[in-house]
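Listed below, chain by chain, are the residues.
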Amino acid sequence: MTAAIRLSNVTKRFGPTTAVDHLTLDVPSGAIYGFIGPNGSGKTTTLRMIMHILLPDEGEIEVLGSPDTAAARDRVSYLPEERGLYKRMAVRRLLRYYGRLKGRTIAELDPLIDDWLNRLGLREWADRKVETLSKGMSQKVQFIASVVSQPSLLILDEPFSGLDPVNAETLKDAVLETRRRGTTVVFSTHDMATAEKMCDRIFMIFRGKKVLDGTLEEIQAQYGLDTVRIRSAAGSAALAGLPGIESINDYGQLQEVRLAGDPQAFLHQLAARTAVYHFEVARPSLHDIFVRIAGNGNA
Amino acid sequence: MHKTFIVASSEFNTLTRSKAFLIGLFLMPVFMGAAVALQRTGRDQTDGKDRLLAVIDRTGVLYGPLKAAADEWNAAGASNADGARTSPRFLPSAVNPDSGTPESLRAELSDRVRRDELYAFVEIPANALEPGVTETLRYHSNHPAYRLLPDWISTTLNREIVNQRFRVAAIDRATVARLTRPLRLEQLGLVTRDERGELKAAEHVDEIKTLAVPAAMMVLMFFAVMSTTPQLLNSTIEEKMSRISEVLIGSVTPFQLMMGKLMGSAAVSLLLACVYLAGGFAVATHWGYGDAVTWSAMTWFLLFLILALFIFGSVFIAIGAACSDLKDAQNMMTPAMLLLMLPAFTWFPVARSPDSPMAMTLSMIPTAAPFLMLMRIAVPPGPPFWQVAASVSITALTVVGAVYAAGKIFRTGLLMQGKAATLAEMWRWVRAH
């Protein structure tokens, strides 16, 4: 599979701060690629370099087969985390404007705009000003603005943040539909569950360096079967003082325990203390892996 | 270039659909209409309030003529259609100078003025009729801004004092007046020849043509610049803070975006200016001044307007890109606004003496040149061509420099969030490769 984005040894500095540090990355064409990382880790800087908003200090970036990221500009679309919409512009006028800036004509755009507005339930809002829309509607309009030019590469920054479940579901379907049409999708998110479910591959950046890159299975495999999920009569109180526990993530009804020792021996000791209803040896979740990396402050 | 026009067209549409544009379009004619209406209303306004005046006449001979003049004034007072007086009555009353010391009299009359029993009082010195006297007529009132009464008193008393001095000197006042009557100076243009070589009489110099038309063009240019360029600052800040700029510069280069905004804004100003020029031309033609608004003047006006729009537009865009909110921008706006206001402070001496060294110097300063050189061109005979060429060249070079610097500041500032850039930082951005 060819790479939609290829970063080779890319570094970006802002004064004394190195925002992105010798990053190498291949995003395959047609994939949904998740960018994760704590705030200030270098995600947005990386996305901005891919968008040609910033230029790298070192290294090379290839977008859609072109080493000149500016040349690919019309085939790449971007949805920022905060809605980049003109509040006083009518929805259709705004979508036409953004589409025309990507090289499309109004004749090409109008049927696509109508199609997307219908699909996302915004047909009646086409001639209304953006400032009259709810947050969810604005997010959907922003999404349409980013796909209406039928880009080859779509970059979404926190596309589902702040959305209610219904709107999040609608937008998720729209993202998958876009991918089915052949668009490569890169999105950054703090929602690990969404990344686990939607992404073909996941990349994590921390302090400007790549710390994870691969499919969910490949990433989880690096950490082995060191996690047990427990539901017991005594809850987290029963775990106090048991040997082999490295960390406990207490969800109230369920405890997720990272274990250093033998799970069978641990189960035996726990059962001696309380009634155990559920005991599952599992790979760590993406959330857990994220917390291990970002929480410990090292990879 | 195509994308620059798309940005410009969007900017033009947004600005012309805004309430600010519609207000701007109608505001000037409304203001002008209101000013004319106010003048007309003011002309018919009545001020029929009586002005009671106490007179301490230490000469003993001037109160009588003053009273007679007041009666004449009151009898001749204009009335409007309803029969109401449109000018006040002056009602003098004599005060015996010997009824107290000068200080006590002044104090007593001042109290009467405070109690509104009098409007004012005047004191005529005893030696007022002597030639070469240095004493003054003392007029006391608590309405210092009201000029009609003191001016009338001064004129009336001085006329009577001079008459009496002539009489004492046995000189006929009428003869003196005839002998000393000055000749009126008539200001004319130059004699010209028509196509057949025949001489044409010189025309009278018309104040409206020589001063009002150039001033009106400068005001119109000022209005056109002010109506759109400061909005570039607001729109740049809005685009920056709501991250619209990030979406846009994913599609166009920062320079294309900035030029598009500048061109769109300039197009709106030009539209406004053309509407007003057409309106102004129609009004001028109606009043017989159609020939005062020449094609040449309009061409220079449009050229200088474009230069002014690009200079100030670049400045406001750069400030918008360097700031994070309007509060930050206010501080940086001050020097830019002072530059913009410079012609407003200096236009009158330039119009009165358009070929003075000061006028020439000011019309070479790039931020003032579009306004002041235009004014110099509009006032006959106009400046030498080399000065016009130098002014246009300096301003055009400044436009190039301003657009280049603004482009650099725009590119960097647009992505900078959180705090406003300092002038030193902006200068570093301009110099950065």
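Residues numbered from 1 in each chain as written. Chains lettered and ligands numbered in written order. Predicted model: local features only at pLDDT ≥ 70, side-chain atom pairs only at ≥ 80, totals over all residues.

Helices and strands together make up the secondary structure of chain B, namely 15 helices and six strands. Seen through its principal axes, chain B has C-alpha atoms that stretch 90 × 65 × 45 Å. Relative to its full complement of 433 residues, chain B shows a buried share of 33%. A separation of at least 24 residues holds for 74% of the contacts in chain B among residues at least 6 apart in sequence. (Helix = DSSP H or I, 4+ residues; strand = E, 2+ residues; numbered from the N terminus. Buried ≥ 20, exposed ≤ 12 C-beta atoms within 10 Å, placed from the backbone. Contact = placed C-beta atoms within 7 Å.)

What follows deals with the sheet that holds strand β4 (residues 58-63) of chain A. Residue and element names in this part refer to chain A. Read across the open sheet, the three strands follow the order β2-β1-β4; overall the sheet is antiparallel. Of all strands in the sheet, those bounded by a partner on one side alone are β2 (17-28) and β4. Across the sheet, the axes of successive neighbouring strands diverge by a mean angle of 15 degrees, strand direction being ignored. Both strand β1 (residues 3-14) and β4 contribute to a ladder of five bridges, which runs antiparallel. Paired with Ile5 across the two strands is Val63, which belongs to β4. (Pairing = 2+ DSSP bridges. Axes fitted to C-alpha atoms, helices over the stretch in contact; angles between N-to-C directions.)

Moving on to the domain arrangement of chain A. For chain A, the assigned domains are domain 1 (3-220) and domain 2 (225-282). Inter-centroid distance (C-alpha atoms) of domain 1 of chain A to domain 2 of chain A is 40 Å. (Domains from an automatic or database assignment.)

By domain assignment, chain B separates into domain 1 (48-175) and domain 2 (206-431). Relative to domain 2 of chain B, the C-alpha centre of domain 1 of chain B lies at a distance of 54 Å.

All names here are of chain A. Among the secondary structure elements, Arg273 is positioned in helix α8 (residues 263-273). Taking the C-alpha atoms as reference points, Arg273 and Ala238, 35 residues apart in sequence, are found 6.4 Å from one another. Excluding anything up to four places from it in sequence, Arg273 contacts Ala234 and Ala238.

All names here are of chain A. Taken in spatial order, the four strands line up as β11-β12-β10-β13 in an open sheet, and their pairing is antiparallel. The open sheet is flanked by β11 (245-250) and β13 (276-282), the only strands paired with a single partner. Ignoring which end each strand starts from, the neighbouring axes of this sheet average 20 degrees apart. Relative to strand β12 (residues 255-259), β11 runs antiparallel, the two being bridged by five bridges. Within β12, the position partnered with Ser247 by the bridge is Arg258. Strands in contact with α8 are β10 (227-232), β12 and β13; relative to β13, the strand with the most contacts, it is inclined by about 165 degrees.

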